[in-house]
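# Geometric and topological summary
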Amino acid sequence: MGVVLRNLQKVVPVRRARLRRDVDMLRHILGVQKFDLGVICVDNRRMQQINNTYRKKNVSTDVLSFPFYEDLRPGKLPCSLHRDELNLGDIFLGVEFVMKQCKEESMDLHGALTVVTAHGICHLLGYRHETEEEWTEMLQRESYILSEYNRLTGRHLEPLTKRCSQDR
């Protein structure tokens, strides 16, 4: 199973090979290599359209996730009966939005894309952050994923935010 990575924007240069390696490593850390995953890079205009259509929020954002399995409990892997059900879902990365954050906070774009991808994968695996309790649970999972990523790569990534936010 694999990753389908598409870059549908031209505003920000994205190193797709590096992003694909990082996504594969995140899948390995989470033990979901047998599941397909779509990662789609979009600009602010497209991200705003998607966010408005599906969440009724007419603003751009850093990441939106569309899980194949909508009722997963956090931390539980999907139980697939057929090969065509070995799919986690799709993650839309707002690379223009992330680039603006990176410029404001002097961060590396590709590191930030890896962090928001980890956040998106957590959503595909049933994690939410609509309450403080859910946010804490999700933050713990993201912190674990990124600490393992850091251990394997020598990088020093951490979750982008450490507070509960219903806007994400």
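Scope of this entry: the structure provided in the associated data block. Computed from a predicted model, the values in this text were never measured in an experiment.

### Concerning the side chain of serine 65
- Looking at the element boundaries, serine 65 is found in strand S3 (residues 63-67).
- Of the residues examined, serine 65 reaches a relative accessible area of 18% and is grouped as buried.
- Within the structure, serine 65 has its side chain in polar contact with the backbone oxygen of glycine 120 (distance 3.0 Å).
- Among residues more than four places away in sequence, those in contact with serine 65 are Asp90, Ile91, Gly120, His123 and Leu124.

### A closer look at helix H5 (residues 132-153)
- Between its first and last C-alpha atoms H5 spans 31 Å; for 22 residues at 1.5 Å apiece the expected length is 32 Å, and the two agree.
- The inward-facing, buried residues of H5 contact helix H1 (16-30) and helix H4 (109-124).

### Looking at the packing of aromatic side chains
- Summed over the entire model, instances satisfying the criterion amount to three aromatic pairs.
- Between the aromatic rings of phenylalanine 66 and phenylalanine 92, the centroid separation amounts to 5.7 Å while the plane-to-plane angle is 85 degrees, which identifies the pairing as edge-to-face. Of this pair, phenylalanine 66 sits in strand S3 while phenylalanine 92 is found in strand S4 (residues 87-94), placing the two residues 26 residues apart along the sequence.
- Taking relative accessible area as the criterion, phenylalanine 92 reaches 17% and is therefore assigned buried.
- Judged by centre distance (5.1 Å) and plane angle (75 degrees), the rings of phenylalanine 68 and tyrosine 69 are edge-to-face.
- Overall, phenylalanine 68 belongs to the partly exposed group, its relative accessible area being 41%.
- Tyrosine 69 sits in the buried class, given a relative accessible area of 18%.

### Section: the sheet that holds strand S2 (residues 36-42)
- An order of S1-S2-S4-S3 is seen for the four strands of this open sheet, with the pairing classed as mixed. Edge positions in the sheet fall to strand S1 (3-7) and S3, since each of these pairs with one other strand and no more. In this sheet, adjacent strand axes meet at a mean angle of 15 degrees when their direction is disregarded.
- Taken together, the seven bridges between S2 and S4 define a ladder with parallel strand orientation. Each bridged residue has a counterpart across the sheet, and for isoleucine 40 the counterpart in S4 is phenylalanine 92.
- Set on the sheet, helix H2 (residues 44-55) makes contact with S2, S3 and S4; between it and S3 the angle comes to about 50 degrees.
- Running over the sheet, helix H3 (residues 95-105) touches S2 and S4 and is turned about 55 degrees from S4.

### Thoughts on the packing of H3 against H4
- Close contact between H3 and H4 brings their axes to 10 Å; oriented N to C, the two are set at 120 degrees. The angle between H3 and H4 places the two elements in the oblique class. Here H3 and H4 pass one another in a crossing that is right-handed. The segment H3 lies against H4, with Val95, Val98, Met99 and Cys102 engaging Leu109, Ala112, Leu113 and Val116.
- Among the residues forming the contact of H3 with H4, the class breakdown is eight nonpolar, no polar and no charged.

### Digging into the nonpolar core
- Formed by 40 residues in total, the largest nonpolar core has its most connected members in Leu19, Leu37, Leu93, Leu113 and Leu125.
- Those elements that place two or more of their residues in this core are S1, H1, S2, S4, H3, H4 and H5.
- Broken down by element, the residue count for this core peaks at nine residues, all from H4.
- The next biggest cluster of nonpolar side chains, apart from the first, holds six residues, and it includes Val42, Ile50, Leu64 and Phe92.

Reading guide: rules and limits
- All residue numbers here refer to positions counted from 1 along the written sequence of the relevant chain.
- For a predicted model such as this one, the threshold for reporting local features is a pLDDT of at least 70, and the threshold for listing and counting side-chain atom pairs is 80 or more; totals across whole chains, interfaces and linings nevertheless cover every residue.
- Water and hydrogen atoms play no part in the side-chain values, which are based on all heavy atoms of the structure.
- To qualify as a helix, a DSSP run of H or I must reach at least 4 residues; to qualify as a strand, a run of E must reach at least 2; elements of each kind are numbered from the N terminus.
- The buried label applies to any residue whose accessible area, calculated with a 1.4 Å probe on protein chains only, is under 20% of its type's maximum; exposed applies above 50%, and partly exposed to all values in between.
- Within 3.5 Å is the distance limit for a polar contact, defined as a pair of N or O atoms, with the added protein rule that one can donate a hydrogen and the other accept it, and that residues adjacent in sequence qualify only through two side-chain atoms.
- Throughout, a residue-residue contact means that at least one pair of heavy atoms, one from each residue, lies within 4.5 Å.
- Expected helix span is computed as 1.5 Å times (number of residues minus one).
- For Phe, Tyr and Trp, where Trp contributes only its six-membered ring, two rings pair if their centres lie within 6.5 Å, and the inter-plane angle classes them as stacked under 30 degrees, edge-to-face over 60, or tilted in between.
- Two strands make a pair as long as DSSP finds a minimum of two bridges between them.
- Throughout, an axis means a line fitted to C-alpha atoms (over the contacting stretch in the case of helices), and angles, computed between N-to-C directions, take values from 0 to 180 degrees.
- Angle categories are assigned with fixed cut-offs, so that under 35 degrees is roughly parallel, over 145 is roughly antiparallel, 65 to 115 is roughly perpendicular, and the rest are oblique.
- Handedness of a helix crossing follows the sense of rotation of the near helix relative to the far helix, less than a right angle counterclockwise being left-handed and clockwise being right-handed.
- Each residue gets one label: Ala, Val, Leu, Ile, Met, Phe, Trp, Tyr, Cys and Pro are nonpolar, Asp, Glu, Lys and Arg are charged, and the others, such as Gly, are polar.
- Remark: nonpolar core denotes a set of buried residues (Ala, Val, Leu, Ile, Met, Phe, Trp, Tyr, Cys) joined through side-chain atoms within 4.5 Å.

The values are spatial; any link to function lies outside them.
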